[in-house]
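# Architecture at a glance
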Amino acid sequence: MRRRGGGVRDTTRFAGATAVVTGGGSGIGAALTRALVAAGADVVCTDRDVDAAQRVVEGLRSAPGSARAAHLDVTDGDAVRALVDEVVASTGRIDLMFNNAGMALGGNTELLTADQWNAIIDVNIRGVVHGVAAAYPHMIRQQSGHIVNTASMGGLTAAGLLTSYVMTKHAVVGLSLALRSEAAVHGVGVLALCPAAVETPLLDAPGVGGFTGRTFYLSGQGVRTAYDADRLASEALDAVESNRPLLVVPAQARMAWRFSRLAPGLMQKLSTKFVAQQRERQHL
């Protein structure tokens, strides 16, 4: 992977790098695929909906890198391992593993069923674990590579009505930071992406009990529009290059994170008030 120099973005800075992106059929995963190919990487864009992944690949403009689509259900650990092993067998290495597939279930916690709890744990936690377990041993052997786990601002702060999601994203942040300290000796980097609301289909995913995600996420940030996925993807590649542990965007998200660490009691009071307002606003 080539580094940038002189402040000019190198469109081949990831030339020759082999990358796997999970959840690549839409949203952040699609944006990561586009950014990686534009930076010269060869990408396997995976998704449980392989047709969506194929549309992302077909929509790519002429670029230094390349991409192909593949079906992958991240809850199937054997399938994740088999795909990564196939990539390594065909290319000799895996340089970048983006564990990006995720889901959200908003609404009052008492309404969540056991099956719904299991579903979000399987995708958001076990899906990341499966990706790490598949790619990390190869990276140790190579003595190089980077694992990028898509967490969330919800992995750094906490608000009710997203309890299951917040729980899983805190787990992803913890996994990432712990693994990072262990992986450094092997020349392997680990990055957790912690954005606030990003313009993806996840914003409009159905919750329980009439919960409306877009209203909740944007109101919580005090903004009218969500963060651009392509901008996040570009910043993620910058963060990989600079070997940062966390990418927290936008600026107001970083401010909220700092505030929550400086004044956790006050942050909890504000969160409680916000949840009450959202319950009333959404008739939950």
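Keep in mind it's a predicted model, so treat the numbers as computed, not measured.

### Some remarks on helix α5 (residues 163–183)
In a regular helix each residue adds 1.5 Å, so 21 residues correspond to 30 Å; α5 covers 30 Å between its end C-alpha atoms and thus fits that length. Of all the residues in α5, the buried ones are S164, Y165, V166, T168, K169, V172, V173, S176, L179 and A183. The secondary structure elements touched by the buried residues of α5 are α4 (114–142), β5 (145–150), β6 (188–195) and β7 (246–249).

### Details of the sheet that holds β6
Spatially, 7 strands are ordered β3-β2-β1-β4-β5-β6-β7 in an open sheet, and the strand pairing comes out parallel. Both outer strands of the open sheet, β3 (66–71) and β7, are each paired with one neighbouring strand and no more. Averaged over all pairs of adjacent strands, the angle between their axes in this sheet comes to 15°, without regard to strand direction. As paired strands, β5 and β6 are joined by 6 bridges and run parallel to one another. Looking at the pairing, I147 lines up with V190 of β6.

### Thoughts on the packing of helix α3 (residues 77–91) against α4
Closest axis-to-axis distance for the α3/α4 pair is 7 Å, and the angle between their directions is 30°. Relative to α4, the element α3 lies roughly parallel. Seen from above, α3 lies across α4 with right-handed handedness. Here G77, V80, R81, V84, D85 and V88 of α3 lie close against α4, whose contacting residues are H130, G131, A133, A134, A135, H138 and R141.

### Section: the nonpolar core
Membership of the largest hydrophobic core comes to 37 residues, with the highest contact counts inside it found for M97, I147, L156, C194, L246 and V248. Elements that contribute at least two residues to this core include exactly α3, α4, α5, β6, β7 and α8 (251–262). Counting residues per element, this core draws most heavily on α4, which supplies 7 residues. In terms of nonpolar packing, the next biggest core, distinct from the first, is built from 29 residues, A31, A39, V148 and L193 among them.

### Quick word on the side chain of E235
On the secondary structure map, E235 appears in helix α7 (residues 229–241). Judged by its relative accessible area of 19%, E235 is buried. Apart from the residues within four sequence positions on either side, E235 is in contact with Y227, L247 and V249.

### With respect to the pattern of salt bridges
On inspection of all chains with the given rule, the structure shows 9 salt bridges. Residues joined in a network through salt bridges with shared partners are R13, D238 and E241.

### Digging into empty space enclosed by the protein
For the structure shown, the criterion picks out 1 cavity of 30 Å³ or more. Lining the largest cavity are A104, L105, G106, L202, A205, P206, G207, F211, G213 and Y217. Considering only residue class, the lining of the largest cavity consists of 7 nonpolar, 3 polar and no charged.

### Overview of the packing of α4 against α5
For the pair α4 and α5, interaxial distance at closest approach is 9 Å and the crossing angle is 15°. Compared by their axis directions, α4 and α5 come out roughly parallel. Crossing handedness for the pair α4 and α5: right-handed. Along its contact with α4, which presents W117, I120, I121, N124, I125, V128, V129, V132 and Y136, the element α5 presents T163, S164, Y165, M167, T168, K169, A171, V172, L175, L179, E182 and A183. Across the contact of α4 with α5, the residue classes tally to 15 nonpolar, 4 polar and 2 charged.

### Observations regarding the packing of aromatic side chains
In total, this model carries 3 aromatic pairs according to the counting rule given. Both rings, one in F216 and one in Y217, keep their centres 5.9 Å apart while their planes meet at 90°; by these two values the pair is edge-to-face. Among the residues examined, Y217 registers a relative accessible area of 14% and is labelled buried. Pairwise contacts between aromatic rings join F211, F216, Y217 and F274 into one cluster. Sitting over the face of the ring of W257, R261 holds its NZ or CZ atom 4.0 Å from the ring centroid.

### Considerations on the environment of S271
Secondary-structure assignment places S271 in helix α9 (residues 264–282). The spatial distance from the C-alpha of S271 to the C-alpha of A158 is 7.7 Å, given a sequence separation of 113 residues. When sequence neighbours within four positions are dropped, the list of residues in contact with S271 reads A158, A159 and G160.

### With respect to the confidence of the model for the protein
For the protein, mean pLDDT is 94; residues scoring 70 or higher make up 96% of the total. Here residues 1–8 scores under 50 on pLDDT; set against residues more than four positions off or in separate chains, the count is 18 contacts.

About the criteria used
Residues numbered from 1 in each chain as written. Predicted model: local features only at pLDDT ≥ 70, side-chain atom pairs only at ≥ 80, totals over all residues. Heavy atoms only, no water. Helix = DSSP H or I, 4+ residues; strand = E, 2+ residues; numbered from the N terminus. Expected span 1.5 Å × (residues − 1). Buried < 20%, exposed > 50% of the residue type's maximum accessible area, 1.4 Å probe, protein only. Contact = heavy atoms within 4.5 Å. Pairing = 2+ DSSP bridges. Axes fitted to C-alpha atoms, helices over the stretch in contact; angles between N-to-C directions. Parallel < 35°, antiparallel > 145°, perpendicular 65-115°, else oblique. Left-handed = near helix turned anticlockwise from the far one by under 90°. Core = buried A, V, L, I, M, F, W, Y, C linked by side-chain atoms within 4.5 Å. Salt bridge = Lys/Arg side-chain N within 4 Å of Asp/Glu carboxyl O. 1 Å grid on protein atoms, 1.4 Å probe; cavity = no way out; pocket = protein on both sides within 12 Å on 5 of 7 lines; lining within 4 Å. Points joined across faces, edges and corners; volume = space filled by probe spheres on them. Nonpolar A, V, L, I, M, F, W, Y, C, P; charged D, E, K, R; others polar. Phe/Tyr/Trp six-rings, centres within 6.5 Å; stacked < 30°, edge-to-face > 60°. Lys NZ or Arg CZ within 6 Å of the ring centre and 35° of its normal. pLDDT = per-residue confidence, 0-100.

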